[in-house]
Amino acid sequence: MNEEFNWLEYSESVEETATEAEESSGRRGFRRFLPDRPKLPGLPGWAGLPRRPRLSRPRIPGLPGLPRLPRLGRGRGASESAQPSASDLLGGQANRPVEELDDRLRALRERSGVSAAPDPAPNQSLFDVDEVLVSPAFQRKPGGVISAVALSKAQQQQVEMLKDIVGGPLQSQAGNGGRLPRPASVFSLSAAPRLLGTALLVLMASLPFVSSDFAEGELPPADFHDDRHSATSFYNLLDNISGDDYVLVAFEYGPAAAGELDLLAELLLRHIFAQRARPLIVSSNPIAVVHARNIIRDINRSIPDADARLTADKDYYVLRYLPGGALGIRELSENFADVARVSARGQRTGLDFISLQDLKLAVLITENSEDLRHWAEQVLPKGRNLALLVATGYAAQPLAQVYADSLEKVFGPVYGIRDAYTYGEKLQANFSGLLPSPPKQALAVEPEPAPDALADGAASDIAPAPQVEPSREAESTTLALVATLPATATSQPTATTAPTDTPAPTATNTATPTATEATLLAVEITAPQRVNLRRRPTTVDDILALGYPGDLYEVLGANGDGSWYQIALSNGLDAWVAAFLVEERQVTASELAGGQANASASPQRERAVMRLGFNFRLGKNQPRYYQALTPETGDRPELALLRDRSLEIPRLQAMTLGTLAAVLVIVIGNLLVALRALLRRRSSSA
Amino acid sequence: MAENTIALISFVLTLMVFSYLLGDVPLVGNLYRIAVYIFIGMTAAFTLIVSYEGLILPYLQDIQDPATSWTLLGNRVDITIFFTALLFGLLILLKPFKSLTWLTNSVLAVVIAVGAAVGLVGALTGTLFPLLQATVAIPEDVTADFSALVDSLLIFVGAMTGLYYFHYQVRAKAEVGAEQSRVGRGLRHIGKAVLVTALGAIYASTILTCLTILTERIGFLFQFGA
C-alpha cells in the first residue's frame, strides 16, 4: 500500500461526499452528481428517466476489500503530488479570459448568448470536476424550442431563403407526426416553379413518343468508340463463350433501377443465350432474383417456337439469393460449390462446381457503386482467372470506370441507355446474318477479294487485313466483315507480294501465272514443341494462339531489334512470335496456304486458347483487347434478335430532349435564386 | 388477359407515383403514398418468399431426407448450421424485451464483427492495394502511354490536394487572423476544385439516371395508351 496515500481515508471521504450530494440534491445513484436539468416545456426532468440499478461490490468476509483507485483530477492524490492534473488543464482552458479568445470564438460565444462574465456560482454538486464547461445560459423565448435559438439577422435571411428554395414553410418532424413533410400544394404559389420545371421536363421527354418530328440528337454509334477499349473487350469476351461455358451473372439492381438497366440486362442475357452458354444468376438482393426470372420469362415469350424456349435449371440457373450484402457475396466466393447447388426455388440444380475458379466470366449488372465495390473486393481476389464484366447505370459509372481502368480483371463499364443501344447494334450485326440461313457458305462463295489476294490466287483466309490499331480489331466481329474487308494501308504488304500494277480484279486476271508464283516472306516454327503466339512482342502479353512445329505463318513485320516477328494467323488476327523459335523462309502462296491449313487443322485450337487463355497482369498500362469471333452454326441467333426495339430510338431522343430541359431548369432556377438574393441584399442594405 | 391486367395495374401505379408532383392536394396527395406502401409491402412479401425458398427450404428438405445433403458438409453439419441460425434469429427477435437485450446484442456483435472483418480484408485486397498499385505504376514506355501517366498524376494530385483541403495537417493557431501560406491556400483551392468537380460529375450522372428512368416510364405510358 502506498505510504504517502491513505486509501482507506480517501475511500471514506468519497463516501461522505457522495452522501452529502445525495442529501442536497434528493437524488440517488449517478444522478446526484449531475446538475439540475433545465426545465423545458413538455420534457421530463431527471426524475422522469429510468433509473439504473446500483451494483454493489461483493464483499468477502475476512478480506479488507480492494482499495478504490484515486480519480484523476483534483483529488487528494493530485493535490499532494503537486502535478497539474487533466482537470486542472481543462478548467484552465474553460476559464480562459474572453479577451484571449480569437474573434471567431468570441463571436460564437456572444451569438450563443453567453455573457462575457463567468458564472459566479459554478455547480458544486458535480463531483471533482466542479468548474468544467459551465453550460451557457439558455435564452427562452415564447413560441417553443425552435424559436428560442438566437439567430443573427444574416442567419434569419438565410433561413428565409432556404424556406423559399424548399418551396414552403419548414415543418418540424415532431409537428408532422414524425413523417416526412409533404410537398407544397399544387395550388400554392411556392409550388409554381417546381411544377413549371417538372412540366417542361415531362413535356420535352414526351415529345419523341408523340411524333417523329421531334427527333433530336444523334443516335449512338453502332460500335463502341475507339477510345473505349475496355467496353469493346466487354463485348468480345462475352462473344467468345461457347455452349459449354457457364457465365456468372450478378443481378444487383432492384425495381427502382429497372427502367435504366432492364434493357442492358436483357441484351446481355440474350447474348449469352444466343451462344448456347448458360448463365448462373445470383444476387444479394432478393427482389432482383424475382426480377431476373421475369426478364428471362419475357425473353422466352419472344420465342415463337414453344419447344425452343429456355428451361430453368437446364438452359439457365437462378441460384439462391445471397443474404447479408458483402457477407453473402463473400460466401459466394468462398463457398461457390454450395451456392450453385440450390436454385432460388429451393431445388437441386445438379451443378457440380468445385470452386469459383471453375468459371472464367462474371457479369455484374448493378445500379450503385457499393455493389461493384463488394464484388471487386470479395469475389475478384478469390476467382483466379475470373474476369468481371461490369454493366452499370449512369450513377455508378464514375467508380466503375476507375475499377476498369485500374484492375486487369475488370472490363467495361457498359452503362446507360446509349451503351445499351450500341450493344444491341453490335449484337444485331453479329447475329443477323445467321438468322435466315447459315451465311458462312454464302459469304465464302462471293467475297469481294482484295486485288492482291486475287492476284496470287490465295484462299480468302490468307489475305486478311491485319489490324495494327487495336481499335480496328473490334471491327471484324463477323465473318462478313473479315471476308469483305478491302486491302487498306494497314495490311502492310511486303516486298514479295503481288506487283502493285496488278490489273483490276476481274475474272480473267485472277489466274495469271506470275501472280501464282509470287513468293512471300514467312516463318516456320522450328521449336521442338508448341510456341505461344502473343498479341504483342513481349512474353507477358496475352496468348492469342498456339503454334506447332512446322506451321507456316506469313510475316507482316518485325520489332525494332528483330527479336519478334509479327505474323498473320489463319483467322485474320495478327500475332507476334519470338524470333528464336522460328526460321525465315521464302514460300509461295500455295505453300503458305498448305502450311496454314496444317496450322489450322484443328479449327478449335486457336479459338480455345482465345476463349480460355485470359492472361491477367497487374498494371493498367497495356490495354487489353479480345477479338470477337464468328458465331458458330450451333448458336441461336433468334435469341439475340427477337426483341422489341420499338421504344429504343424514341427513348434516346427523349433522353436528349430531357437532358436539355434539365439543363434549362437548373440554369434558370439558379439564375432566379441569384437574382432574388441580389435583390434581397440590395433591399436590406437600403 | 393476364398481361393486359398487369399492364393496367402498372399504368395506374405509375400515375399514382406521378401524383407526387401535385403535392398535398386532398385525396390526390395520398395516391403516391398508397403506391409506395404497396411497393414496400410487395417487396417485404417477395423477400420473405425468396428467403424461405432459397435459404430455409433446402435445410428443411435436408432434415427430411438425410441422403441428399445439398452442401459439401453433410447432413449433420447442415442441421447444426440450420439450428444455430434459427437460434440466432430467435435471439434477435428478443430485441423488444429490454431485460434480454444483451442476448440480441451478442448476436448482433457477432454479425457486425464478422462483417467488419470481411469488409476490411476485402477493402484492402480488392480496392486499396490494387488501386494504389495501379495509380503509382509508371508506364514502361512513357511516350507511348502518355495518357496513362497523366491519369496517374491527376489521381495523385487530386487525392493529395483533396486531403489537404480537409486540413488534417493544420494546427489550431492562437493568433487572430492567422492564415496559411499562399502555397497552402493554393493547394486547398485545387483540392476543393477536384472535390467539386467529382461531386458535380456524380450529380450529373444521377440526373441522367433519373432521366433514363423517366423516359422509360413515359414510353411505357404512351405504349399502353396506344
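Residues numbered from 1 in each chain as written. Chains lettered and ligands numbered in written order. Predicted model: local features only at pLDDT ≥ 70, side-chain atom pairs only at ≥ 80, totals over all residues.

Draft legend 1. Here's a closer look at the overall build of chain A. Each helix and strand in chain A was counted, giving 23 helices and 13 strands. Within chain A, contacts between residues at least 6 apart in sequence are counted, and of these 69% link residues at least 24 apart. (Helix = DSSP H or I, 4+ residues; strand = E, 2+ residues; numbered from the N terminus. Contact = placed C-beta atoms within 7 Å.)

Draft legend 2. Fine view of the overall build of chain B. If you tally the helices and strands in chain B, you get six helices and zero strands. Element order for chain B, N to C, with α for helix and β for strand: α-α-α-α-α-α. Taking all 226 residues of chain B together, the buried fraction comes to 12%. Expressed as a percentage of contacts within chain B between residues at least 6 apart in sequence, the contacts between residues at least 24 apart total 28%. (Buried ≥ 20, exposed ≤ 12 C-beta atoms within 10 Å, placed from the backbone.)

Draft legend 3. Up close: the sheet that holds strand 1 (residues 246-252) of chain A. Residues and elements named next belong to chain A. Taken together, six strands build an open sheet; the order of strands is 3-2-1-4-5-6 and the sheet is parallel. Two strands close off the open sheet at either side, each with one partner strand: strand 3 (317-318) and strand 6 (410-415). One ladder, built from five bridges, connects strand 1 with strand 2 (residues 278-282); its direction is parallel. Directly across from valine 247, in strand 2, lies its bridge partner proline 279. Most of the contacts of helix 8 (residues 258-274) go to strand 4 (residues 361-366), to which it runs at about 160°, and overall it touches strand 1, strand 2, strand 4, strand 5 (387-392) and strand 6. (Pairing = 2+ DSSP bridges. Axes fitted to C-alpha atoms, helices over the stretch in contact; angles between N-to-C directions.)

Draft legend 4. Quick peek at the interface of chain A and chain B. Contacts between the two partners involve 60 residues from chain A and, on the opposite side, 56 residues from chain B. A total of seven residues in the side of chain A that touches chain B trace back to one element, the largest contributor, which is helix 23 (residues 648-685) of chain A.

Draft legend 5. Structural detail: the packing of helix 14 (residues 416-431) of chain A against helix 23 of chain A. Residues and elements named next belong to chain A. Interhelical geometry of helix 14 versus helix 23 gives an angle of 150° and a closest axis separation of 10 Å. Judged by the inter-axis angle, helix 14 sits roughly antiparallel to helix 23. Along this stretch, helix 14 crosses helix 23, giving a crossing that reads as left-handed. Within the contact between the two elements, helix 14 uses Ile417, Arg418 and Tyr421 and helix 23 uses Glu648, Arg651, Leu652 and Met655. (Parallel < 35°, antiparallel > 145°, perpendicular 65-115°, else oblique. Left-handed = near helix turned anticlockwise from the far one by under 90°.)

Draft legend 6. The arrangement of the environment of leucine 248 of chain A in detail. All names here are of chain A. Here leucine 248 is to be found in strand 1. Under the C-beta neighbour-count criterion, leucine 248 is labelled buried, with 25 such atoms within 10 Å. With 32 residues separating them along the chain, leucine 248 and leucine 280 place their C-alpha atoms 4.7 Å apart.

Draft legend 7. Geometry of the pairing of strand 11 (residues 564-568) of chain A. All names here are of chain A. Burial of strand 11 is extensive: five of the five residues sit out of reach of the surface. The alternating pattern of strand 11 places Trp564, Gln566 and Ala568 on one face and Tyr565 and Ile567 on the opposite face, and all of these are buried. Pairing of strand 10 (residues 552-558) with strand 11, which is carried by four bridges, proceeds in the antiparallel orientation. Of the residues in strand 11, the one forming a bridge with valine 555 is isoleucine 567. As consecutive antiparallel partners, strand 10 and strand 11 are separated by five residues, and within that stretch glycine 562 has a phi angle of approximately 70°, a positive value. Bridge analysis of strand 11 against strand 12 (residues 574-578) gives five bridges, and the strand direction is antiparallel. The partner of isoleucine 567 across the bridge, within strand 12, is alanine 575.

Draft legend 8. Unusual backbone geometry, seen in detail. Residue and element names in this part refer to chain A. The amide bond that connects glycine 412 to the next residue, proline 413, takes the cis arrangement and shows omega of -5°. Its identity as a non-glycine residue notwithstanding, arginine 276 has a phi of 60°, on the positive side. Here arginine 276 shows up in the loop between helix 8 and strand 2. Phi at aspartate 313 takes a positive value of approximately 60°, unusual for a residue other than glycine. Within the secondary structure layout, aspartate 313 lies in the loop between helix 9 (286-301) and strand 3.

Draft legend 9. Fine view of the confidence of the model for chain A. Residues and elements named next belong to chain A. Per-chain confidence: chain A averages 68 in pLDDT, with 56% of residues scoring 70 or above. For residues 116-135, every residue scores under 50 in pLDDT, and the model assigns this stretch 33 contacts once sequence neighbours within four places are set aside. Every residue in residues 168-175 is under pLDDT 50, and counting partners more than four places away or in other chains gives nine contacts. (pLDDT = per-residue confidence, 0-100.)

Draft legend 10. View of the nonpolar core. All names here are of chain A. Judged by nonpolar contacts, the single largest core of 104 residues is most densely connected at Leu264, Val363, Leu364, Ile365, Leu388 and Leu389. Considering every element that reaches this core, the biggest residue donor is helix 8, with ten residues. Apart from the residues within four sequence positions on either side, isoleucine 365 is in contact with Ala250, Phe251, Glu252, Tyr253, Leu261, Leu264, Ala265, Leu268 and Ala391. Counting residues in hydrophobic clusters, the runner-up holds 22 residues, among them Ala522, Val531, Ala575 and Ala589. (Core = buried A, V, L, I, M, F, W, Y, C linked by C-beta atoms within 7 Å.)

Draft legend 11. Looking closely at the environment of phenylalanine 234 of chain A. Residue and element names in this part refer to chain A. Here phenylalanine 234 shows up in helix 7 (residues 229-239). According to the C-beta neighbour criterion, phenylalanine 234 is buried, with 27 such atoms within 10 Å. A C-alpha to C-alpha distance of 9.5 Å links phenylalanine 234 and alanine 387, two positions 153 residues apart in sequence. Not counting residues up to four positions away in its chain, the partners in contact with phenylalanine 234 are Leu389, Phe411, Gly412 and Val414.

Draft legend 12. How the structure looks around helix 13 (residues 397-406) of chain A. Counted residue by residue, helix 13 of chain A has seven buried out of ten residues, so it is predominantly covered. Gln397, Leu399, Ala400, Val402, Tyr403, Ala404 and Ser406 of chain A are the residues of helix 13 of chain A that are buried. Residues of helix 13 of chain A that are buried sit in contact with helix 7, helix 12 (369-378), strand 5 and strand 6 of chain A together with helix 4 (101-136) and helix 6 (182-225) of chain B.

Draft legend 13. Representation of the confidence of the model for chain B. For chain B, per-residue confidence averages 82 on the pLDDT scale, and residues scoring 70 or more make up 85% of the total. If you check the scores for this complex, the pTM reads 0.60 and the ipTM reads 0.84.

Draft legend 14. Up close: the packing of helix 10 (residues 326-334) of chain A against helix 4 of chain B. Packing of helix 10 of chain A against helix 4 of chain B brings their axes to within 10 Å, and their N-to-C directions diverge by 65°. The angle between helix 10 of chain A and helix 4 of chain B places the two elements in the roughly perpendicular class. When you trace helix 10 of chain A past helix 4 of chain B, the crossing you get is left-handed. Here helix 10 of chain A contributes Ala326, Leu327 and Arg330 of chain A to the contact with helix 4 of chain B, which in turn contributes Val114, Gly115, Val118, Gly119 and Gly122 of chain B. Residues that form the contact of helix 10 of chain A with helix 4 of chain B fall into these classes: four nonpolar, three polar and one charged. (Nonpolar A, V, L, I, M, F, W, Y, C, P; charged D, E, K, R; others polar.)

Draft legend 15. Focus on the environment of asparagine 285 of chain A. Residue and element names in this part refer to chain A. On the secondary structure map, asparagine 285 appears in the loop between strand 2 and helix 9. Given 24 C-beta atoms within a 10 Å radius, asparagine 285 is considered buried. Linking asparagine 285 and phenylalanine 251, residues 34 residues apart in sequence, is a C-alpha distance of 7.9 Å. Filtering out sequence-adjacent residues up to four positions away, asparagine 285 remains in contact with Glu252 and Gly254.

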